[in-house]
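What follows is each chain in one-letter form.
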Amino acid sequence: MIKGFKEFILRGNVIDLAVAVVIGAAFTAVVNAIVTALINPLIEIFYVPNENGEFGPSFTGIYGQEVVFPLGGLLTAVISFLAVAVVVYFVFVYPMNHWKARAAARAGVAAAAASEEPKLPTEQELLVQIRDLLERQNKA
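The following paragraphs examine the structure supplied in this document. This is a predicted model, so every value here is computed, not measured.

What follows covers the environment of N40. Looking at where N40 falls in the secondary structure, it is placed in helix α2 (residues 12–44). The class of N40 is buried, set by a relative accessible area of 12%. Along the sequence, N40 and G72 sit 32 residues apart, while their C-alpha atoms lie 5.7 Å from each other. Sequence-distant contacts of N40, that is, excluding residues within four places in its chain, are made with V35, F55, G72 and T76.

Summed over all chains, the structure comprises three aromatic pairs. Arranged with centres 5.0 Å apart and planes meeting at 85°, the rings of Y89 and F90 form a pair that is edge-to-face. When its relative accessible area of 38% is taken as the criterion, Y89 is described as partly exposed. Joined through ring pairs, the aromatic side chains of Y89, F90 and Y94 make up one cluster.

A contiguous nonpolar surface patch, about 590 Å² in accessible area, is contributed by V86, Y89, F90, V91, F92 and Y94. Mapped onto the elements, F90 comes out in helix α3 (residues 71–114).

So, about the environment of A29. Residue position: A29 is located in helix α2. Along the sequence, A29 and S80 sit 51 residues apart, while their C-alpha atoms lie 8.8 Å from each other.

Definitions and cut-offs
- Residues numbered from 1 in each chain as written.
- Predicted model: local features only at pLDDT ≥ 70, side-chain atom pairs only at ≥ 80, totals over all residues.
- Heavy atoms only, no water.
- Helix = DSSP H or I, 4+ residues; strand = E, 2+ residues; numbered from the N terminus.
- Buried < 20%, exposed > 50% of the residue type's maximum accessible area, 1.4 Å probe, protein only.
- Contact = heavy atoms within 4.5 Å.
- Phe/Tyr/Trp six-rings, centres within 6.5 Å; stacked < 30°, edge-to-face > 60°.
- Patch = residues over 30% accessible without salt bridge, like charges linked within 9 Å, V, L, I, M, F, W, Y side chains within 5 Å.
- Areas by Shrake-Rupley, 256 points an atom, 1.4 Å probe, with all protein chains shown as cover.
- Salt bridge = Lys/Arg side-chain N within 4 Å of Asp/Glu carboxyl O.

Fair warning: the whole summary comes from geometry, so function is off the table for now.
Take a look at the structure:
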């Protein structure tokens, strides 16, 4: 029972998913703060926020209304996703894959040493066996 649980937990996809959820949730707040404090003010240099606080290029709609394409929200989402993905990959997924590869290599070496296959006959030995069989058939 413990062995089965250990195999379930050590499956790469389960660990990757759990790590991604936890780190993603924690790191998103940090990234959002950075985007709000640095990226959004840079965008505001070029675009003035409207009364809703949205900033980006604005156009007049077909009914005369102002239409704003809010770049701040889009950039926040893109930068948050990329930052979280980079951190999760390099801090958790890459080391986990490296650890699993090393464990598989150790298991492969141990399995190969434990189950040595019998030595196959050489080509010359096979030819000698064939010759002997043919001689026996001719005598019979």
